[in-house]
Amino acid sequence: MERHIRAVDQPAAWPKRYLGDGVYAAFDGLGVWLTAENGAEATDSIYLESEVLIELRRFVDDAQRGRG
């Protein structure tokens, strides 16, 4: 897993997009890496595969409709 975290930290590999609150996202072609950063480095990371992204989108849609 360390290999992936280092790759996310390399903007040339997968450009990161700042989402706010110290959270960045990077798409690797299959899923999304979310990293929490302290201004100098990624302190935490999570990988969301495409199936998980679909479920996350459903969760947000349901929550916005009051079915959360």
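Just so it is clear, the model here is predicted, and its values are computed rather than measured.

**Q** Looking at this model, I keep getting lost on the pattern of salt bridges. Mind explaining?
**A** Two side chains of opposite charge can pair, provided their charged atoms sit close to one another. Applying the stated rule across the entire model yields three salt bridges. For Glu55, the salt bridge is made with Arg58, and the minimal N-O distance between the two is 2.5 Å. Here Glu55 pairs with Arg58, and both are found in helix H2 (residues 50–64), just three residues apart, close to one helical turn. Notably, a salt bridge pairs Asp62 with Arg67, separated by 2.8 Å at the nearest N-O pair. The partly exposed category is assigned to Asp62, whose relative accessible area is 28%. Residue classification places Arg67 among the exposed residues on the basis of a relative accessible area of 54%.

**Q** Would you mind showing me how to read the pairing of strand S4 (residues 42–48) here?
**A** Successive side chains on a regular strand alternate, one facing one side of the sheet and the next facing the other. Here strand S3 (residues 32–37) runs beside S4; their pairing, made up of six bridges, is antiparallel. From the neighbouring strand, Val32 faces S4, where its bridge partner is Leu48. Linkage of S3 to S4, two consecutive antiparallel strands, is achieved through a turn of four residues, within which Gly39 is found at a positive phi near 100°.

**Q** When you look at the sheet that holds S3 in this model, what are you seeing that I'm missing?
**A** Each strand in a sheet pairs with another by means of backbone hydrogen bonds, the pair being arranged parallel or else antiparallel. Strand order in this open sheet of four strands is S1-S2-S3-S4, and the pairing throughout is antiparallel. Every interior strand has two partners, whereas the edge strands, strand S1 (17–20) and S4, have only one. Ignoring strand direction, the axes of neighbouring strands in this sheet form an average angle of 25°. In this sheet, strand S2 (residues 23–27) lies alongside S1 in antiparallel orientation, the contact comprising three bridges. Of the residues in S2, the one forming a bridge with Gly20 is Val23.

**Q** Would you mind going over the side chain of Thr35 with me for this structure?
**A** Structurally, Thr35 is set in strand S3. For Thr35, a relative accessible area of 3% translates into the label buried.

**Q** Can you walk me through the environment of Tyr47 in this structure?
**A** Here Tyr47 lies in strand S4. Overall, Tyr47 belongs to the partly exposed group, its relative accessible area being 29%. Separated by 14 residues in sequence, Tyr47 and Trp33 place their C-alpha atoms 4.6 Å apart. Setting aside residues up to four positions removed in sequence, Tyr47 forms contacts with Asp28, Leu30, Gly31, Val32 and Trp33. At 3.0 Å, the side chain of Tyr47 forms a polar contact with the side chain of Asp28.

Cut-offs used in this document
Here, residues in each chain are numbered from 1, in the same order as that chain's written sequence. Totals for whole chains, interfaces and linings use all residues, but because this is a predicted model, local features are given only for residues with pLDDT of at least 70 and pairs of side-chain atoms are given and counted only at 80 or more. Calculated side-chain values reflect all of the structure's heavy atoms, with hydrogen atoms and water omitted. When a carboxyl oxygen of Asp or Glu is within 4 Å of a side-chain nitrogen of Lys or Arg, the pair counts as a salt bridge. Here a strand is any run of E in DSSP of at least two residues, a helix any run of H or I of at least four, and the numbering for each starts at the N terminus. Each residue's exposure class comes from its accessible area (1.4 Å probe, protein chains only) as a fraction of the maximum for that residue type: buried when under 20%, exposed when over 50%, partly exposed otherwise. Pairing between strands is defined by DSSP: at least two bridges between the two strands are required. Note on geometry: axes are C-alpha line fits, over the in-contact stretch for helices, and angles between N-to-C directions span 0 to 180 degrees. What makes two residues a contact is simply this: any of their non-hydrogen atoms within 4.5 Å. Any N or O atom pair separated by 3.5 Å or less is treated as a polar contact, with the protein-specific requirement of one donor-capable and one acceptor-capable atom, and with residues adjacent in sequence counted only for side-chain atom pairs.

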